Amino acid sequence: MTFLLTPYAVAQFVAAAMSAAVSVIAWRRRTVPGGHPFTFMMWAVVVWTLMSAFESGSVGLRWKLLFSQLAYVGTVNVAPLFLLFVLRYRDRALRLRPVLVAALFVLPLATLALAFTNPLHGLVWPTIELDAVTGTNVAIYGHGIAYWVSLAYYLALCLAGAVILVRAVLRSPGLYRSQTTVLLIAVAVPWTGA
């Protein structure tokens with residue numbers, strides 16, 4: 001495999017390393033409300049960014065597709081884990097039934113299966129080609145129905161989590177209000193860049 005260390009790949013490697021550091025710190029504090037889902041969410045971010053770095057630097061569509069598929073192992077888990085984190089952060093006594101937790105991951109697992117079998121049906125990426133206009137090593141992914149359905153689902157989960165956080169800010173006293181406000185701002189930053 002040929003690999004080009006592009007500035008974008010370097011930035012993704014740095015993001016993966018930072019996310020890994022946060023994951024390690026979170027693991028040490030996993031007993032706090034929401035600690036387990038937050039830790040797992042951050043490890044999902046590590047997988048997502050690390051595989052995306054390899055995708056952006058790898059040369060050839062075969063390798064780019066493989067790393068995109070591997071990135072989905074992390075990608076599909078971030079939103080459900082975020083919602084679980086917010087629910088546990090807001091209410092430490094909350095006990096979700098395992099069937100409800102499992103239900104959150106049905107569509108992500110289906111999306112992951114579709115990503116790995118994409119060459120057979122094209123439901124996630126109907127087309128993947130190198131950018132012919134600039135002649136660079138950037139892959140252009142067409143998006144199929146499975147991509148759009150999963151994106152809508154993930155955005156709905158993230159929006160639900162954000163709404164729960166807003167309500168928590170409005171109801172929290174003193175120090176907890178400040179902590180929850182900081183968390184809400186951290187959640188809002190990626191939305192403003194989208």
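Predicted model, so just to flag it, every value in this text is computed and none were measured. (Residues numbered from 1 in each chain as written. Predicted model: local features only at pLDDT ≥ 70, side-chain atom pairs only at ≥ 80, totals over all residues. Heavy atoms only, no water.)

**Q** Would you take a moment to explain the overall build of the protein for this structure?
**A** Along the protein, the regular secondary structure elements total eight helices and two strands. Shown N-terminal to C-terminal, the secondary structure of the protein runs as helices and strands in the order α-α-α-α-α-α-β-β-α-α. In the protein, which comprises 194 residues, the proportion classed as buried is 40%. Considering only intrachain contacts with a sequence separation of at least 6, the fraction spanning at least 24 residues in the protein is 60%. Of the roughly 11100 Å² that the protein leaves accessible, carbon and sulfur atoms contribute 73%. (Helix = DSSP H or I, 4+ residues; strand = E, 2+ residues; numbered from the N terminus. Buried < 20%, exposed > 50% of the residue type's maximum accessible area, 1.4 Å probe, protein only. Contact = heavy atoms within 4.5 Å. Areas by Shrake-Rupley, 256 points an atom, 1.4 Å probe, with all protein chains shown as cover.)

**Q** Whenever I open this one, a nonpolar patch on the surface confuses me. Can you help?
**A** There is a patch of nonpolar side chains on the surface, built from Leu5, Val10, Val14 and Met18 and spanning about 380 Å² of accessible area. For Leu5, the location among the structural elements is in the segment before helix H1 (7-28). Take Leu5: its relative accessible area is 59%, and that puts it in the exposed class. (Patch = residues over 30% accessible without salt bridge, like charges linked within 9 Å, V, L, I, M, F, W, Y side chains within 5 Å. Salt bridge = Lys/Arg side-chain N within 4 Å of Asp/Glu carboxyl O.)

**Q** Please clarify how the side chain of Asn118 should be interpreted in this entry.
**A** Structurally, Asn118 is set in helix H6 (residues 118-121). Within the structure, the side chain of Asn118 is placed 2.9 Å from the backbone nitrogen of Trp125, a separation counted as a polar contact. Excluding its chain neighbours within four sequence positions, the residues that come into contact with Asn118 are Leu123, Val124 and Trp125. (Polar contact = N/O pair within 3.5 Å; in protein donor to acceptor, adjacent residues only side chain to side chain.)

**Q** Sorry, what's going on with the packing of helix H3 (residues 61-90) against helix H7 (residues 145-171) here?
**A** Two quantities define a packed helix pair, namely the angle between the helix axes and the distance between the axes. Following both chains from N to C, one finds H3 and H7 inclined at 20 degrees, their axes separated by 9 Å at the closest point. For the element pair H3 / H7, the angle class is roughly parallel. At the point where H3 passes H7, the crossing takes the left-handed sense. Contacts between H3 and H7 pair Tyr72, Val76, Ala79, Pro80, Phe82, Leu83, Val86, Leu87, Tyr89 and Arg90 from the former with Tyr147, Tyr154, Leu157, Cys158, Ala160, Gly161, Ala162, Ile164, Leu165 and Ala168 from the latter. Class assignment of the residues belonging to the contact of H3 with H7 gives a composition of 18 nonpolar, one polar and one charged. (Axes fitted to C-alpha atoms, helices over the stretch in contact; angles between N-to-C directions. Parallel < 35°, antiparallel > 145°, perpendicular 65-115°, else oblique. Left-handed = near helix turned anticlockwise from the far one by under 90°. Nonpolar A, V, L, I, M, F, W, Y, C, P; charged D, E, K, R; others polar.)

**Q** Looking at this model, I keep getting lost on the environment of Ile185. Mind explaining?
**A** By secondary structure assignment, the location of Ile185 is in helix H8 (residues 174-193). Put simply, Ile185 and Ala162 are 23 residues apart on the chain and 9.8 Å apart in space, counted from C-alpha to C-alpha.

**Q** What's the story with the packing of aromatic side chains in this structure? I'm lost.
**A** Ring pairs (aromatic) are described by centroid distance and by the angle formed between their planes. Summed over the entire model, instances satisfying the criterion amount to twelve aromatic pairs. Between Trp63 and Phe67 the ring centres are 6.2 Å apart and the planes differ by 25 degrees, which places this aromatic pair in the stacked class. In this pair, Trp63 and Phe67 are both assigned in helix H3, four residues apart and thus about one turn of the helix distant. The class for Trp63 is partly exposed, based on a relative accessible area of 25%. Phe67 sits in the buried class, given a relative accessible area of 10%. An aromatic cluster of three or more residues is present, and its members are Phe3, Phe13, Phe54, Trp63 and Phe67. Over the face of the ring belonging to Trp27 we find Arg30, whose NZ or CZ atom lies 4.0 Å from the ring centre. (Phe/Tyr/Trp six-rings, centres within 6.5 Å; stacked < 30°, edge-to-face > 60°. Lys NZ or Arg CZ within 6 Å of the ring centre and 35° of its normal.)

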